[in-house]
Amino acid sequence: MKIQEADAKSLLVAQGLPVPPWEVAGTPAAARAAAERFLTDGVEKVVVKAQVLVGGRGKAGGVKLAPSADEAERVAGDILALEIKGIPVRKVLVGPAADIVRELYLAAVLDRASRRVILMGSAEGGVEIEAVAAERPEAIVTIPAHPIAGFLPFKAREMAFRLGLGAHLKDAVAIAQGLVRTMGAYDADLVEINPLAVVRETGPDGDAVERLQCLDAKITLDDSALGRHPGLEDLRDPDDEDPVDREAREAGLTFIKLDGTIGCMVNGAGLAMTTMDLVKRAGGEPANFLDIGGGARADKVAHAMRLILSDPKVNAILVNIFGGITRGDEVARGLIEARAQQERDVPMVVRIVGTNAAEAAELLREARFQTAATLDDAAAQAVAASRGGSGAAA
Ligand code: GDP
Ligand code: MN
């Protein structure tokens, strides 16, 4: 799950990382009011930033500086009218503009290959890191964290020196360690600061001082771990999810849309994969992976059917249920209910074995469903139906 910059910054602040203050505004007037609060002594400009779940906002005109409240209101209006990479901007972040001396890149990422959290840094920050990685891989420093001890101080110092942050050693070490700590604290996959900036500020005696600030923040959370963090689910942004994915998640169904034409409804992830394989072997293309889970009741089955049919490409459905905890008759009732409700009629082939298979067969026969005894037969019938045939393959 991706979260917005402002929410990511809140998590960083909670871990003690240096982030400049900000407010979130949904209208130009609210942005103006926020700008007025920041434009005080020592703050000559505010920064207004689009809150969308994609990178490259700067290039797309989604990050602007404003020297007055009037100007902040105007640029906020411009940014709120933008669509960045197809996503409409609904909110902006407003904060004091930093006086940037240098921009660096620093991120904690989950490296699946080494099964560790690694810290990636580059003195060439600000720009998209993918471009740096492609053109000048030597400009990226990677140092793994220890799986148990975390990111030890000597490793953090090594990172700081290699990024040329010797003059900010203490802050750089705290930030490097803080990013790795943030990963663990929220079960994140990625905690990325780009830019981590050396900024110029006015010290207490009026002199210019330089310090490190996290000016941007991008965090992705491991969806499978959200259950361990009450409250983080509230940070989910509606743009993070396709409406069908959202509906599936809320219904407790594991649903992944694919490109084919044969909708598949199966219980159990392994059986769902096998079913997809057999559909392919029979010459068809699955339209989705769908695991209705163990013990699904009729209403859940009906819900799953609605999800499958929401894909206009689906022109045949294969239902493959192995009744263990799931009762075959319950699934059959769900299918009958779903067919009574559905707006679009699509040929369906049903195979139900296991618990209460006989009751299921009886219900399906009465309701005149097309059934199959074996999975191979079910796949062949579904593929034939998808091609516009009778489906009654031998
Ligand atoms: P992104 O393009 O979506 O990654 O958005 P960022 O927040 O990283 O901003 C893009 C660029 O805008 C940064 O690399 C900076 O160069 C610039 N920028 C962002 N915040 C400030 C700020 O407070 N002051 C100044 N001067 N520039 C900023
Ligand atoms: Mn950025």
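Presented here is an overview of the structure given in this document.

## Side note on the packing of helix H7 (residues 243–251) against helix H9 (residues 298–309)
Here comes step 1: At a minimum axis distance of 11 Å, the contact between H7 and H9 shows a crossing angle of 170°. One finds that H7 runs roughly antiparallel with respect to H9. Contact residues: Val244, Glu247, Ala248 and Ala251 in H7; Lys300, His303 and Leu307 in H9.
Here comes step 2: Class assignment for the residues of the contact of H7 with H9 results in 4 nonpolar, 1 polar and 2 charged.

## Remarks on the coordination of the manganese ion (ligand 2)
Here comes step 1: Taken together, the protein ligands of the manganese ion (ligand 2) are Asn194 (O) and Asp216 (OD), with distances of 2.1 Å. Taken together, the residues span a long stretch of sequence, with Asn194 in strand E11 (residues 188–202) and Asp216 in the loop between strand E12 (208–214) and strand E13 (218–221) at a distance of 22 residues. With respect to burial, Asn194 and Asp216 carry one shared label: buried.

## As for the environment of Val319
Here comes step 1: With respect to the helices and strands, the residue Val319 is situated in strand E17 (residues 316–323).
Here comes step 2: Judged by relative accessible area, Val319 falls into the buried class, the value being 0%.
Here comes step 3: With 140 residues separating them in the primary sequence, Val319 and Leu179 have C-alpha atoms 46 Å apart.
Here comes step 4: With residues up to four places along the chain from it excluded, the contact list for Val319 reads Met265, Met305, Leu335, Met348, Val349, Val350 and Arg351.

## With respect to the environment of Glu44
Here comes step 1: Turning to its location among the elements, Glu44 is positioned in the loop between helix H2 (28–38) and strand E3 (46–50).
Here comes step 2: You can call Glu44 exposed: its relative accessible area is 67%.
Here comes step 3: For the pair formed by Glu44 and Phe161, sequence separation is 117 residues and the distance between their alpha carbons is 32 Å.

## Looking at the site of ligand 1
Here comes step 1: In the region of ligand 1, 16 residues are neighbours, and Lys49, Arg57, Gly58, Ala98 and Glu103 sit closest.
Here comes step 2: Measuring from an oxygen atom of ligand 1, one finds a backbone N or O atom of Gly58 at 2.9 Å.
Here comes step 3: Residue Asp216 places a side-chain N or O atom 3.0 Å away from an oxygen atom belonging to ligand 1.
Here comes step 4: Mapped by element, the contributors of at least two residues to the shell around ligand 1 are E3, strand E4 (63–66), strand E8 (100–111) and E11.
Here comes step 5: For the shell around ligand 1, the class distribution of residues is 7 nonpolar, 5 polar and 4 charged.

## Points about the pairing of E13
Look at any regular strand and the pattern is simple: side chains alternate between the two faces of the sheet.
Here comes step 1: Bridging between strand E1 (residues 2–3) and E13 involves 2 bridges; their strand directions are antiparallel. Paired with Ile3 across the bridge in E13 is Ile219.
Here comes step 2: Inspection of the sheet shows E11 paired to E13 by 4 bridges, in the antiparallel sense. The partner of Ala188 across the bridge, within E13, is Leu221.

## What to know about the sheet that holds E4
Here comes step 1: If you walk across this open sheet you meet the 4 strands as E2-E7-E3-E4, and the pairing is antiparallel. Of all strands in the sheet, those bounded by a partner on one side alone are strand E2 (23–25) and E4. Here the strands of the sheet are splayed against their neighbours by 25° on average, with no regard to which way each runs.
Here comes step 2: Pairing analysis gives 5 bridges linking E3 to strand E7 (residues 92–96), with the strands arranged antiparallel. In the strand pairing of E7, Ala50 is matched with Val92.
Here comes step 3: Along the sheet face, helix H1 (residues 5–14) touches E2, E3 and E7 and points at about 50° away from the line of E7.
Here comes step 4: Relative to the sheet, H2 contacts E2, E3 and E7, its axis offset from that of E7 by approximately 15°.

## A closer look at the pattern of salt bridges
Side chains that differ in sign of charge can pair as their charged atoms come close.
Here comes step 1: The full count for this structure, using the stated rule, is 28 salt bridges.
Here comes step 2: The partner of Glu5 in a salt bridge is Lys49, and the shortest N-O contact between them spans 2.7 Å. With a gap of 44 residues between them, Glu5 in helix H1 and Lys49 in strand E3 connect regions that are remote in the sequence. Both residues of the pair, Glu5 and Lys49, count as buried.
Here comes step 3: The closest approach of N and O atoms between Glu124 and Arg136, which form a salt bridge, is 2.3 Å. Taken together, the residues span a long stretch of sequence, with Glu124 in the loop between strand E9 (116–122) and helix H4 (129–135) and Arg136 in the loop between H4 and strand E10 (140–144) at a distance of 12 residues.
Here comes step 4: On the basis of relative accessibility, which here comes to 31%, the residue Glu124 falls in the partly exposed class.

About the cut-offs
Residues numbered from 1 in each chain as written. Chains lettered and ligands numbered in written order. Predicted model: local features only at pLDDT ≥ 70, side-chain atom pairs only at ≥ 80, totals over all residues. Heavy atoms only, no water. Axes fitted to C-alpha atoms, helices over the stretch in contact; angles between N-to-C directions. Helix = DSSP H or I, 4+ residues; strand = E, 2+ residues; numbered from the N terminus. Parallel < 35°, antiparallel > 145°, perpendicular 65-115°, else oblique. Contact = heavy atoms within 4.5 Å. Nonpolar A, V, L, I, M, F, W, Y, C, P; charged D, E, K, R; others polar. Donors = N, O, S within 2.8 Å, 3.2 Å for Na, K, Ca; no water. Buried < 20%, exposed > 50% of the residue type's maximum accessible area, 1.4 Å probe, protein only. Near = heavy atom within 4 Å. Polar contact = N/O pair within 3.5 Å; in protein donor to acceptor, adjacent residues only side chain to side chain. Pairing = 2+ DSSP bridges. Salt bridge = Lys/Arg side-chain N within 4 Å of Asp/Glu carboxyl O.

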